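# Chain and residue survey
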Amino acid sequence: MSTIALLVVLLLVLVGLLVLGALAYVVHRRPVLTQPLTVALAGAAVLVAMVAAVVSAGAS
């Protein structure tokens, strides 16, 4: 993988962690929405899918 692809993955992980934190905070403040763990896990699953797509694109 090239350096630019690694930087993209790093930035994607950092932004994803910020989004997961924001989702958990919003759900914690408004528990009517859904369980905080469910939202955080759904966001993490999307993050893993995006990182896998970037890594597989960078490997080819």
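Before any of the text, the structure's been laid out above.
Residues numbered from 1 in each chain as written. Predicted model: local features only at pLDDT ≥ 70, side-chain atom pairs only at ≥ 80, totals over all residues. Heavy atoms only, no water.

### Regarding the environment of Leu11
Spelled out, the test is: A run of DSSP states H or I qualifies as a helix once it reaches four residues; a run of E qualifies as a strand once it reaches two. Both are numbered from the N-terminal end. Only protein chains enter the area calculation, which uses a 1.4 Å probe; residues under 20% of their type maximum are buried, those over 50% are exposed, and those in between are partly exposed.
Position of Leu11 relative to the elements: it lies in helix 1 (residues 3-29). When its relative accessible area of 53% is taken as the criterion, Leu11 is described as exposed. In this structure the C-alpha to C-alpha distance between Leu11 and Ala40, which are 29 residues apart in sequence, comes to 19 Å.

### As for the nonpolar core
Formally: We define the nonpolar core as a collection of buried residues of types Ala, Val, Leu, Ile, Met, Phe, Trp, Tyr and Cys that are connected through side-chain atoms lying within 4.5 Å of one another. It only takes one pair of heavy atoms within 4.5 Å for two residues to be counted as in contact.
Core analysis: the biggest nonpolar cluster contains five residues, these being Val9, Leu12, Leu20, Leu47 and Val51. Elements that contribute at least two residues to this core include exactly helix 1 and helix 2 (36-59). Excluding its chain neighbours within four sequence positions, the residues that come into contact with Val51 are Val9, Leu12 and Val13.

### A look at a nonpolar patch on the surface
As a reminder of what qualifies: What goes into a patch is any residue over 30% in relative accessible area without a salt bridge, connected to like charges within 9 Å or, for nonpolar side chains (Val, Leu, Ile, Met, Phe, Trp, Tyr), within 5 Å. Only the protein chains shown count as cover for residues, and all accessible areas are computed by the Shrake-Rupley method using a 1.4 Å probe. Salt-bridge detection follows one rule: a side-chain nitrogen of Lys or Arg within 4 Å of a carboxyl oxygen of Asp or Glu.
The grouping of Ile4, Leu7, Val8, Leu10, Leu11, Leu14 and Leu17 at the surface amounts to a nonpolar patch, some 660 Å² of accessible area in total. Tracing the sequence through the fold places Ile4 in helix 1. Under the relative-accessibility criterion, Ile4 is labelled exposed at 58%.

### Overview of helix 1
Counted only if it meets this: Under the convention used throughout, the expected extent of a helix is 1.5 Å for every residue step, that is, one less than its residue count.
Taking 1.5 Å of rise per residue, the 27 residues of helix 1 would be expected to cover 39 Å, and the 39 Å separating its terminal C-alpha atoms lies within 8% of that figure. Every buried residue of helix 1 is accounted for by Ala5, Val9, Leu12, Gly16, Leu20 and Val27.

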